[in-house]
Amino acid sequence: NTVTKKADEAILSDLHVHTIYSDGSNTPDEIFELANTLGIHDLAFTDHDTTYWLTQSGTDAMRRAGKFDISLIRGIEISARDYNTGKKAHILGYWPGCEPFVPVHLLPLCKIIQERRTRSSLQQIAVLQNLGYSISVSEVYDNCRADQIFKHHVLKTLMEKNLIGDVMGDFYRQHFREGGDCYFEIEYVSAKDAVEAIRADNGIPVLAHPGQQNNYDSIPDLVSAGLIGIEYMHPTHSNEDMRIIQNLSRKYNLIKTSGSDFHGEYHSGRKMGSCSLSTEDRNELIRAGLLTGR
């Protein structure tokens, strides 16, 4: 029937994936292997607050992805906040093509967040040491492939030293969530500034998981700043969220992206490819220049 035929013809995608270069647990090649097993064709690396994938050092992954018949899109996820509403508003950025460049407008924003996040993580290590946990800054750096220390690197170090049972379990919930002794709020950059920087660096800015952060009321200002898209399917989005996003995408003429927000073992319930684009939305992204046809 028609429904089955459309499903059979659908090309699997995942436009929101994190690697070891931020707070994911998997290397790019491990992700390519998994994506190949799952039959995913369109894939985007959207690591937090790092321009690694946009510069020369990150672009050899494009060639390796091609060996798995994977079309890799370089991306980023900026940890931002709408300071008019006070709500977090993460901004995804996408760059089709494979030519490396220097993202001169994004670099200063990323540098600010990297320094603040690393400072927060160093505070967490100091708290843990005061609590009697045998953990050093150098040991955490050994577990960090990113250009900043995430809490995940601290927790992974604790687990590898058999000081806790798992990375994101009870210990994390007790100590690292809001109200815990290892919780330190990071002052994020302005979401509007992030959108403007991505546009200035010739990227495609997209509002990430608006249902998760309940920041729909930020969209008009972000559109004025140059927002081009909105994330539609995401593991945290309900049917009601997707209905709202569908309406907003029509109202503001926004393209719709989708992705699993895959982090490997750091979000074990999220399966890569679980939030794939519909054929209609994929065709729209092809017309917008974000994806290539197949």
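Now for a description of the structure that goes with this document.

## A word on the nonpolar core
Ranked by internal contacts, the top residues of the largest apolar core, which has 31 residues, are Ile-78, Ile-91, Leu-106, Leu-207, Ile-219 and Leu-222. Secondary structure elements with two or more residues in this core: β3 (71-78), β6 (91-95), α4 (106-130), α8 (191-200), α10 (219-225), β9 (229-233) and α11 (239-252). Here this core gets 5 residues from one element, more than from any other, and that element is α8. With residues up to four places along the chain from it excluded, the contact list for Ile-219 reads Leu-207, Ile-230, Leu-248, Tyr-252 and Leu-254.

## Looking at helix α6 (residues 151-160)
Taking burial as the measure, the 10 residues of α6 include 7 buried ones, the bulk of the element. Taken together, the buried residues of α6 touch α4, α5 (137-142) and α7 (170-175). The positive-phi residue at the C-terminal boundary of α6 is Asn-162, with phi of around 60 degrees.

## A word on the side chain of His-153
Among the structural elements, His-153 can be located in helix α6. For His-153, a relative accessible area of 3% corresponds to the buried category. A polar contact is formed between the side chain of His-153 and the backbone oxygen of Ser-22, at a distance of 3.3 Å. If near-sequence neighbours (up to four positions away) are discounted, His-153 is found in contact with Ser-22, Val-140, Asn-143, Cys-144, Ala-146 and Gln-148.

## Side note on the sheet that holds strand β5 (residues 87-88)
Here 3 strands make up an open sheet; going across it, the order is β5-β4-β7 and the pairing mixed. Edge strands, defined here as strands with exactly one partner in the open sheet, are β5 and β7 (189-190).

## Focus: the pattern of salt bridges
Per the counting criterion, the structure on display carries 11 salt bridges. Across the salt bridge formed by Lys-87 and Asp-217, the nearest N and O atoms sit 3.8 Å from each other. Of the two residues, Lys-87 is situated in strand β5 and Asp-217 in the loop between α9 (210-213) and α10; the sequence distance between them amounts to 130 residues. Residue Asp-217 is classed as partly exposed on the basis of its relative accessible area of 47%.

## Regarding unusual backbone geometry
In this model, Asn-253 sits at a positive phi of 55 degrees, which is unusual for a non-glycine residue. Its location among the elements puts Asn-253 in the loop between α11 and β10 (255-258). Its identity as a non-glycine residue notwithstanding, Asp-261 has a phi of 55 degrees, on the positive side. With respect to the element layout, Asp-261 can be found in the loop between β10 and α12 (279-288). The exposure class assigned to Asp-261 is buried, which follows from its relative accessible area of 5%.

## A short note on the state of the cysteines
As enumerated under the stated definition, the model contains 0 disulfides in all. For the unlinked cysteine Cys-144, the closest cysteine sulfur is that of Cys-110, found at 15 Å. By relative accessible area, which is 13% here, Cys-144 ends up buried.

## Let's talk about the sheet that holds β9
The strand order across the open sheet built from 7 strands is β1-β2-β3-β6-β8-β9-β10, with neighbouring strands paired in mixed fashion. The outermost strands of the open sheet, each flanked by one partner alone, are β1 (12-17) and β10. Here the average twist between neighbouring strands, direction ignored, is 35 degrees. Against the sheet, helix α2 (residues 28-38) makes contact with β1, β2 (40-45) and β3, and its axis sits at roughly 150 degrees relative to β2, the strand it touches most. Contacts between α12 and the sheet are confined to β1, β2, β8 (204-207), β9 and β10, with β10 contributing the most and set at about 120 degrees to the helix.

Thresholds, definitions, all that
Residues numbered from 1 in each chain as written. Predicted model: local features only at pLDDT ≥ 70, side-chain atom pairs only at ≥ 80, totals over all residues. Heavy atoms only, no water. Core = buried A, V, L, I, M, F, W, Y, C linked by side-chain atoms within 4.5 Å. Buried < 20%, exposed > 50% of the residue type's maximum accessible area, 1.4 Å probe, protein only. Helix = DSSP H or I, 4+ residues; strand = E, 2+ residues; numbered from the N terminus. Contact = heavy atoms within 4.5 Å. Polar contact = N/O pair within 3.5 Å; in protein donor to acceptor, adjacent residues only side chain to side chain. Pairing = 2+ DSSP bridges. Salt bridge = Lys/Arg side-chain N within 4 Å of Asp/Glu carboxyl O. Disulfide = S-S within 2.5 Å. Axes fitted to C-alpha atoms, helices over the stretch in contact; angles between N-to-C directions.

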